[in-house]
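For reference, the chains in residue letters:
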Amino acid sequence: MIVMKFGGTSVTDAAAIDRTAGIVKGRVERCPLVVVSAMSRVTDALLAAGKAAGEGQRENALELARGLRERHLATAQELVSSEQYARLGADIDHEFNTLEELLKGIVAVGELSPRSSDYVVSYGERLCSKIVTEAYVARGIRSTLVDARKVMITDAQHGKAIPQPDAIEHRAKNLVRPLLDAAQVPVMGGFIGATEQGAQTTIGRGGSDFSAALIGSGLDAEAIEIWTDVDGMMTTDPRICPDAHRIRVVSFEEAAELAYFGAKVLHPATVLPAVQKNIPVLVLNSLRPYSEGTLIVNRAPKSKATFKAIAAKKRITIVEIVAARMLGAHGFLKTIFDIFDKHHCSIDVVSTSEVSVSLTVDSNEAIPAIAADLEKIADVKYAGRNAIVCLVGENIRETPQIAARVFTALGDINVRMISQGASEINITFVIREDDVPEAMRRLHKAFFTEVDPEVFD
Ligand code: ADP
Ligand code: ASP
Ligand code: MG
């Protein structure tokens, strides 16, 4: 079997869903299981509706829900027969009635709990998977809806729940495998799950890729296909550098670094379940289904290229901790890390000097509280609106003077922190968020103007 995951842009309207049906049909003999995201921008709208409700803005919240109801109904109507629509339209209406009740409930309580937020946001994937299933049936595909909440078992950390691979494998074998054996095409929403007790959860933004990898791993898929709106993993974000090249093959390790440091095309955790089972992952373009895409494999073939790609992760805060007396002292860094840990805040880049520790975290609401805790032991400053830029490639290990070349290419752009990962396959530095587009263009020009045709398109 294979897993085919279609991202939000690939299911954004009736024409897009129709295109995915064609792609799935072409692969029916490989026994596909389809994982879909919410239609594009729906997750953002649901989060906004939940937030508005929590802040008591009843009309705003309901207005957002009304807009989504119209969009889903119109899409469904375009895709299915009138008999199918009689049922599907009623079902969608019913779902939106319950969503509106839920939003009113949140207004009444006056607070949006993480648990309610997950419930609100789950409508995106649930509705989309229903529409896609019926659209496939209407196109002669024997497809069956699978409720992701029965398969994607997670812990109870709402908003960023951690999937439980053993439970998922068990459920997938019991609930999904029989459908595949009966030559059905199961369709499941990504991103959402539930605890063993049935409380709805979500596994982090962009998490449908992760869902696809987990279920693919649980069912020993032959391949996991991530269908999106670009030709594959590119040398940099094509929205910033239109002359970005497609990467034909990357290693799991390179893809993981890229994804972690902002290459949005793939969720960071995706590659892990796949790499553990040696399942190839392909990134493909649903707008150009015959383009080859990017293949992610355990070991990428040798190439002449120093770098495979450049990624940038915005909304980074630098925290500077100065404690002249304490730094050399045993256990000081541990104390610092424990404080971040207590606030569930993970650190990306760290650099230390004689008297200070600088580190970066994703900008988040916990930072003032973290700073207050740190101030008990040191002087603390923090500044948001920074970005991590990361150059990735397995040949970095063997290339001399690489940092010098990178900083020459950056020219007058001010670099605030530098680190070379322990894995030695990335060079990472921190700059101001506003400098990102220019930095990416300069680096791309310096390192990707002439490329090895065996690795890049
Ligand atoms: P989906 O809805 O399919 O999940 P995403 O928006 O999550 O799509 O990811 C695809 C987008 O990722 C592309 O449209 C592209 O702008 C962006 N992107 C950022 N960095 C890269 C990169 N290195 N290669 C390809 N796409 C990238
Ligand atoms: N719909 C979710 C999001 O927008 C999950 C995903 O698209 O992968 O984050
Ligand atoms: Mg995505």
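Look up: the structure comes first, before these words.
Nothing here was measured: the structure is a model prediction, and the numbers come from that model.

Enquirer: Before we move on, could you go through the side chain of Ser251 and cite the residues and values that matter?
Expert: Its location among the elements puts Ser251 in strand 8 (residues 249–251). Looking at Ser251, the relative accessible area reads 0%, which means it is buried.

Enquirer: So what about the site of ligand 1? Which residues, and what values?
Expert: Close to ligand 1 lie 18 residues, the nearest being Thr228, Asp229, Met234, Asp237 and Arg239. Take Arg239: an N or O atom from its side chain is 2.8 Å from an oxygen atom of ligand 1. Expressed as a share of its isolated accessible area of 570 Å², the protein-covered part of ligand 1 is 91%. Residues that form the shell around ligand 1 fall into these classes: seven nonpolar, six polar and five charged.

Enquirer: Requested: an account of helix 14 (residues 436–448), with residues and values cited.
Expert: Over its 13 residues, helix 14 runs 17 Å from end to end, which matches the ideal 18 Å to within 8%, given 1.5 Å per residue. Taken together, the buried positions of helix 14 are occupied by Val436, Ala439, Met440, Leu443, His444, Phe447 and Phe448. Around the axis of helix 14, the buried residues are gathered within 125 degrees of arc, so they sit on the same side. Of the surrounding secondary structure, the elements contacted by the buried residues of helix 14 are strand 11 (309–322), strand 14 (379–392), helix 13 (402–410) and strand 16 (426–432).

Enquirer: Lay out the pairing of strand 10 (residues 294–297) in plain terms, naming residues and giving numbers.
Expert: Pairing geometry for strand 8 and strand 10, over three bridges, is parallel. Bridge pairing links Ser251 to Val297 in strand 10. Both strand 9 (residues 281–285) and strand 10 contribute to a ladder of three bridges, which runs antiparallel. Pairing of Val281 across the sheet is with Ile296, part of strand 10.

Enquirer: Outline the sheet that holds strand 4 (residues 185–189), supporting the account with residue identities and numerical values.
Expert: Strand order in the open sheet made by the eight strands is 3-4-2-1-7-9-10-8, with mixed pairing throughout. For this open sheet the edge positions go to strand 3 (143–146) and strand 8, each flanked by a neighbour on one side alone. Within the sheet, the average angular offset between the axes of one strand and its neighbour, ignoring direction, is 20 degrees. As judged from the five bridges shared by strand 1 (residues 2–6) and strand 2 (residues 32–36), these two strands associate in the parallel manner. The residue bridging Ile2 from the neighbouring strand is Pro32, located in strand 2.

Enquirer: Go over the sheet that holds strand 12 (residues 347–352) with me, naming the residues and quoting the values.
Expert: Taken in spatial order, the six strands make up an open sheet running 12-13-11-14-16-15, and their pairing is antiparallel. Each end of this open sheet is capped by a strand with a single partner; those strands are strand 12 and strand 15 (417–420). Direction aside, the axes of adjacent strands within the sheet are offset by 30 degrees on average. In the sheet, strand 11 pairs with strand 13 (residues 356–362) via seven bridges, with the strands oriented antiparallel. The residue bridging Ile318 from the neighbouring strand is Thr360, located in strand 13. Most of the contacts of helix 9 (residues 252–260) go to strand 11, to which it runs at about 60 degrees, and overall it touches strand 11, strand 12, strand 14 and strand 16. In the packing of helix 13 onto the sheet, contacts are made with strand 14, strand 15 and strand 16, and the angle to strand 16 comes to roughly 30 degrees.

Enquirer: Provide a residue-level description of the site of ligand 2, including the pertinent values.
Expert: As a matter of local geometry, ligand 2 sits amid Ser37, Ala38, Thr43, Glu125, Phe191, Arg205, Gly206, Gly207 and Ser208. Contacts to ligand 2 include Thr43, whose side-chain N or O atom sits 2.7 Å from a nitrogen atom. Between ligand 2 and Gly207 there is a distance of 3.4 Å, counted from an oxygen atom to a backbone nitrogen or oxygen. Coverage of ligand 2 by the protein chains reaches 85% of its 260 Å² of free accessible surface. Looking at the shell around ligand 2, its residues break down into two nonpolar, five polar and two charged.

Enquirer: If you had to explain the nonpolar core to someone new, which residues and values would you point to?
Expert: Counting residues in each nonpolar core, the largest one holds 131 residues, and the members touching the most others are Phe6, Leu103, Ile215, Met233, Ile296 and Leu443. For this core, the leading source of residues is helix 5 (residues 114–138), giving nine residues. Setting aside anything within four residues of it in sequence, one finds Ile215 in contact with Val3, Leu33, Val35, Val151, Ala172, Val176 and Met188. Counting residues in each nonpolar core, the second largest holds 17 residues, with Ile336, Val357, Ile367 and Ala371 among its members.

Enquirer: Residue-level account of the packing of helix 4 (residues 82–109) against helix 5, with values.
Expert: Helix-helix packing is described using two parameters, namely the angle between the two axes and the distance between the axes. Running from N to C, helix 4 and helix 5 point in directions that differ by 175 degrees, and their axes come no closer than 11 Å. Judged by the inter-axis angle, helix 4 sits roughly antiparallel to helix 5. Between helix 4 and helix 5, the contacting residues are Gln84, Arg87, Leu88, Asp91, Ile92, Glu95, Phe96, Thr98, Leu99, Leu102, Leu103 and Ile106 on the first element and Ser116, Tyr119, Val120, Tyr123, Arg126, Leu127, Lys130, Ile131, Glu134, Val137 and Ala138 on the second. The residue inventory of the contact of helix 4 with helix 5, partitioned by class, reads 14 nonpolar, three polar and six charged.

Cut-offs used in this document
Here the residue numbering is sequential within each chain, running from 1 through the sequence in written order. Here every chain gets a letter starting at A, and every ligand a number starting at 1, in the order they are written. Local features in this predicted model are restricted to residues whose pLDDT is 70 or higher, and side-chain atom pairs enter the listing and the counts only when it is 80 or higher, whereas totals over whole chains, interfaces and linings include all residues. Heavy atoms from the whole structure form the basis of all side-chain values; hydrogens and water molecules are not counted. Secondary structure counts use DSSP, requiring at least four H or I residues in a row for a helix and at least two E residues in a row for a strand, with both numbered from the N terminus. Burial classes: relative accessible area under 20% of the type maximum marks a residue as buried, over 50% as exposed, and values in between as partly exposed (1.4 Å probe, protein chains only). Distances are taken per atom, and a residue is near a molecule or strand as soon as one of its heavy atoms is within 4 Å of it. We call two N or O atoms a polar contact when they sit within 3.5 Å, provided that within protein one can donate a hydrogen and the other can accept it, with sequence-adjacent residues counted only if both atoms are side-chain atoms. Method for areas: the Shrake-Rupley scheme with a 1.4 Å probe, in which residue coverage is limited to the protein chains shown. Ten residue types, Ala, Val, Leu, Ile, Met, Phe, Trp, Tyr, Cys and Pro, are classed as nonpolar, four, Asp, Glu, Lys and Arg, as charged, and the remainder, Gly among them, as polar. To estimate how far a helix should extend, the number of its residues minus one is multiplied by 1.5 Å. What the arc describes is the spread of directions from the helix axis to the C-beta atoms. Contacts are assigned to residue pairs that have any heavy atoms within 4.5 Å of one another. Pairing between strands is defined by DSSP: at least two bridges between the two strands are required. Simply put, an axis is a line fit to the C-alpha atoms, just over the touching stretch for a helix, and the angle between two N-to-C directions goes from 0 to 180 degrees. By nonpolar core we mean a set of buried residues, namely Ala, Val, Leu, Ile, Met, Phe, Trp, Tyr and Cys, connected to one another through side-chain atoms within 4.5 Å. The labels follow the angle: roughly parallel below 35 degrees, roughly antiparallel above 145, roughly perpendicular from 65 to 115, and oblique for the rest.

Fair warning: the whole summary comes from geometry, so function is off the table for now.
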